[in-house]
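# Understanding the architecture of this molecule
Read off the chains here:
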Amino acid sequence: MKYSKIFILSIIAFVLIKCHSQKKAQYELPEAMLPHVKVMYRVQCDKGQILYDLNCAKCHNTKVKGKEVIPDFKPEQLTGYTLRVANAQHEKNMPDTLVTEEELSIIMTFLGYKKKNNPLLPCCKGK
Ligand code: HEC
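Notes on the structure in this doc start here. Remember, it's a predicted structure, so these values are computed and weren't measured experimentally.

## Concerning the site of the ligand
The full set close to the ligand counts 18 residues, and Cys56, Cys59, His60, Asn87 and His90 are the nearest of them. One of the side-chain N or O atoms of Gln77 is found 3.0 Å from an oxygen atom in the ligand. Among the elements of the structure, helix H3 (57-60), helix H4 (88-93) and helix H5 (101-113) are those that each provide at least two residues to the shell around the ligand. With four residues, H5 is the single largest residue contributor to the shell around the ligand. A breakdown of the residues in the shell around the ligand according to their chemical character gives ten nonpolar, seven polar and one charged.

## Focus on the packing of aromatic side chains
Summed over the entire model, instances satisfying the criterion amount to three aromatic pairs. Here the aromatic rings of Tyr27 and Phe110 are separated by 6.2 Å at their centres, their planes lie at 90°, and the arrangement is edge-to-face. With a gap of 83 residues between them, Tyr27 in the loop between helix H1 (2-23) and helix H2 (35-55) and Phe110 in helix H5 connect regions that are remote in the sequence. Taken as a pair, Tyr27 and Phe110 share a single burial class, namely buried.

## Re unusual backbone geometry
A positive phi angle is found at Lys65, which is not glycine, with a value near 50°. Here Lys65 lies in the loop between strand S1 (62-64) and strand S2 (67-69). Using a relative accessible area of 83% as the deciding quantity, one classes Lys65 as exposed.

## Description of H5
The end-to-end C-alpha separation of H5 is 19 Å, in line with the 18 Å expected for 13 residues at 1.5 Å each. On its buried side, H5 packs onto H2.

## Some remarks on the coordination of the iron atom of the ligand
Coordination sphere of the iron atom of the ligand, protein contribution only: His60 (NE2) and His90 (NE2), at 1.9 Å. Around the iron atom of the ligand, the six donor atoms are arranged such that angles at the metal cover 87 to 179°; this shape is classified as octahedral. On the criterion of sequence distance, the pair formed by His60 in helix H3 and His90 in helix H4 is long-range, its members being 30 residues apart. You can call His60 partly exposed: its relative accessible area is 30%. The class for His90 is buried, based on a relative accessible area of 11%.

Reading the values: rules and limits
Residues numbered from 1 in each chain as written. Predicted model: local features only at pLDDT ≥ 70, side-chain atom pairs only at ≥ 80, totals over all residues. Heavy atoms only, no water. Near = heavy atom within 4 Å. Polar contact = N/O pair within 3.5 Å; in protein donor to acceptor, adjacent residues only side chain to side chain. Helix = DSSP H or I, 4+ residues; strand = E, 2+ residues; numbered from the N terminus. Nonpolar A, V, L, I, M, F, W, Y, C, P; charged D, E, K, R; others polar. Phe/Tyr/Trp six-rings, centres within 6.5 Å; stacked < 30°, edge-to-face > 60°. Buried < 20%, exposed > 50% of the residue type's maximum accessible area, 1.4 Å probe, protein only. Expected span 1.5 Å × (residues − 1). Contact = heavy atoms within 4.5 Å. Donors = N, O, S within 2.8 Å, 3.2 Å for Na, K, Ca; no water. Tetrahedral: all angles 85-135°; square planar, octahedral: opposite > 155°, others 65-115°.

Quick look at the structure:
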């Protein structure tokens, strides 16, 4: 009886941990980065992900088997300021009254350091 309670509790804990960790993208920070700098970058990336979800995800995310996939942009595509006018959609939908200069740079940090997608997924050519 005692053991079955422990068993059920550990299943609940496992499910909760799984759900929690699935929501957040992981980041690939350089090995050489000092631990306290990594902490700062993770905070910045977490903010960037929230801003990305609000401002960019609706046009750029794809769904694979019901899971939202954030594209892997190449570093040369993450141009910050000029990205606003990169195409007609951006010009119309990303004025700096909506996404400030600071927010855009936090989003760039997130996109630059987020873990790359599995290259075997059909969606993820890095657009
Ligand atoms: C209204 C739709 C829309 C929104 C909102 C949007 N984009 Fe885009 N974005 C596009 C389209 C369309 C393209 C060009 C076609 C493509 O490559 O998919 C593009 C291209 C890009 C590119 C590639 C540029 C290049 O040089 O090839 C990047 C990077 C990008 N968007 C980032 C963002 C970020 C960051 C945000 C949020 C701040 C955002 N986009 C919001 C529609 C959108």
